[in-house]
Amino acid sequence: MAERIIGIMGAMPEEIRNINELLTERKEIILGRRTYYTGRLNGVRSVVVVSRIGKVAAAVTITTLILEFGITELIFTGVAGAISPDLEVGDIVIGRRFYQHDMDARPIMKQFEIPLLGVFYFETEESRLQYAQRVVGEFLENKHLHAVVSSEELNRFNIHAPTLHIGDIASGDQFFSDSDKKQRIKKELHSVICVEMEGAAVAQVCFEYHIPFTIIRTISDAADENAGIDFPSFIENVASKYSMEIIKLYFQNLDAQLI
Ligand code: SAH
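Everything numeric here is computed off the predicted structure, so don't read it as measured data.

(A) Here's a closer look at the overall build of the chain. A count of helices and strands for the chain gives eight helices and 10 strands. Expected size for 259 residues packed as a compact globule is a radius of gyration near 18 Å; at 17 Å, the chain falls within 12% of this value. Referenced to the eigenvectors of the C-alpha coordinate spread, the extents of the chain come out at roughly 50 × 50 × 35 Å. For the chain, with 259 residues in total, the buried portion stands at 54%. For the chain, contacts bridging at least 24 residues in sequence account for 77% of all contacts bridging at least 6. Split by element, the accessible area of the chain, about 11,900 Å² in all, is 49% carbon and sulfur. One way to put it: in the chain the 26 positive side-chain charges average out to a point 3 Å from where the 36 negative ones average out.

(B) Region of interest: the site of the ligand. Around the ligand, a shell composed of 18 residues is seen, among which Phe176, Glu196, Met197, Glu198 and Asp221 lie nearest. In the environment of the ligand, an oxygen atom lies 2.9 Å from a nitrogen or oxygen atom belonging to the backbone of Met197. At 2.7 Å, a side-chain N or O of Asp221 approaches a nitrogen atom of the ligand. Notes on the ligand: free accessible area 560 Å², of which the protein chains cover 77%.

(C) Fine view of the packing of aromatic side chains. In total, this model carries nine aromatic pairs according to the counting rule given. Ring centres 6.0 Å apart and planes at 65 degrees place the aromatic pair Phe98 and Phe213 in the edge-to-face group. With Phe98 in strand S6 (residues 92-100) and Phe213 in strand S10 (residues 213-221), the pair connects residues that are 115 residues apart, well separated along the chain. Aromatic rings pair up to connect Tyr131, Tyr250 and Phe251 into one cluster. Over the ring of Phe176 we find Lys181, and its NZ or CZ is 5.0 Å from the ring centre.

(D) Structural context of the pattern of salt bridges. Counted under the stated rule, the structure contains 13 salt bridges. Glu3 serves as the salt-bridge partner of Arg40, at 3.6 Å between the closest nitrogen and oxygen. With a gap of 37 residues between them, Arg40 in strand S3 (residues 34-41) and Glu3 in the segment before strand S1 (5-10) connect regions that are remote in the sequence. Arg40 gets classed as partly exposed once you look at its relative accessible area, which sits at 24%. On the accessibility criterion, Glu3 (41% relative accessible area) is partly exposed. Between Arg217 and Glu196 there is a salt bridge, and its shortest N-O distance comes to 3.0 Å. Remark: Glu196 occurs in strand S9 (residues 192-196) and Arg217 occurs in strand S10; sequence separation between them is 21 residues. With respect to burial, Arg217 and Glu196 carry one shared label: buried.

(E) Helix H8 (residues 231-252), seen in detail. Over its 22 residues, H8 extends 30 Å from the first C-alpha to the last, a length consistent with the 32 Å expected when each residue adds 1.5 Å. Extensive coverage of H8 is indicated by the burial of 16 of its 22 residues.

(F) Fine view of the environment of Ile219. Residue position: Ile219 is located in strand S10. When the C-alpha positions of Ile219 and Asn18 are compared, they lie 20 Å apart, and in sequence the two are 201 residues distant. If sequence neighbours within four positions are ignored, Ile219 has contacts with Ala80, Gly81, Ala82, Leu87, Glu88, Val89, Gly90, Asp91, Val93, Cys194 and Phe234.

(G) Molecular detail of the side chain of Ser46. The residue Ser46 is located in strand S4 (residues 44-50) in this model. Using a relative accessible area of 2% as the deciding quantity, one classes Ser46 as buried. A polar contact of 2.9 Å, which involves the side chain of Ser46, links it to the backbone oxygen of Val44. Contacts of Ser46, omitting those with residues within four sequence positions, involve Ile5, Ile6, Ile8, Leu23, Tyr37, Thr38, Gly39, Leu41 and Phe251.

Here is what the cut-offs are and how they apply
Residues numbered from 1 in each chain as written. Predicted model: local features only at pLDDT ≥ 70, side-chain atom pairs only at ≥ 80, totals over all residues. Heavy atoms only, no water. Helix = DSSP H or I, 4+ residues; strand = E, 2+ residues; numbered from the N terminus. Rg over C-alpha atoms; globule rule 2.2 N^0.38 Å. Buried < 20%, exposed > 50% of the residue type's maximum accessible area, 1.4 Å probe, protein only. Contact = heavy atoms within 4.5 Å. Areas by Shrake-Rupley, 256 points an atom, 1.4 Å probe, with all protein chains shown as cover. Lys, Arg positive; Asp, Glu negative; His and termini not counted. Charge placed at Lys NZ, Arg CZ, Asp CG, Glu CD. Near = heavy atom within 4 Å. Polar contact = N/O pair within 3.5 Å; in protein donor to acceptor, adjacent residues only side chain to side chain. Phe/Tyr/Trp six-rings, centres within 6.5 Å; stacked < 30°, edge-to-face > 60°. Lys NZ or Arg CZ within 6 Å of the ring centre and 35° of its normal. Salt bridge = Lys/Arg side-chain N within 4 Å of Asp/Glu carboxyl O. Expected span 1.5 Å × (residues − 1).

Shown next, in the form of structure tokens:
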């Protein structure tokens, strides 16, 4: 069996800052204006990279991880805007199905159909969902976040008892900061609980190359008119710490993962 090589990806530097510092035998390789950090995390070969924002940036980065670095699986951590009213800022979503909400080749194809693949979404394997659920569950239950985010910050963002959700995600090249748009997507894609800008692109490439993937998103905003207000501060002070802890736990528990 080929050696396991895990790709670790985020869209913004803040989302996975410091994670590359966890690597031993670390090397830096610059390709396509991105820095890929290779090395070992808890002894497992890994590659850490910031894709930049949006579907194209995400697609080219995951393709490079697969073809140039030979990754055998991917974990993505980042933030997302809530569509479901059940989600609060600070909650965590593990994505099950990934839709591209800006894919629309009507009248030639149906809305949201991925051209020439004949599918409407890309799905995470059940065993990956279960493993991610265990990792994120441990992060939330053991109140790891109270150890890494100050109570001042948690209060400022009204984060008290964040919860874990497994659900569908829609991705597209738009930042949602508008209630009308939010209502529209709710109507068109009923099962979608949050929106972001990379997941479904990563999922498509992983599907095409048979690479298992896990995408974990912390809710940063409610995808409405207030979405942009505290966004930079949330990423800087909260989301970056969530990502770090989740990645650490993901690697600490790998022995228990059934793949
Ligand atoms: N103003 C920010 C722009 C970030 S774009 C900046 O200057 O850096 C938003 C990023 O967070 C994307 O990577 C996307 O995946 C995620 N995201 C968080 N909330 C979102 C929302 N409401 N709509 C779309 N993407 C969102």
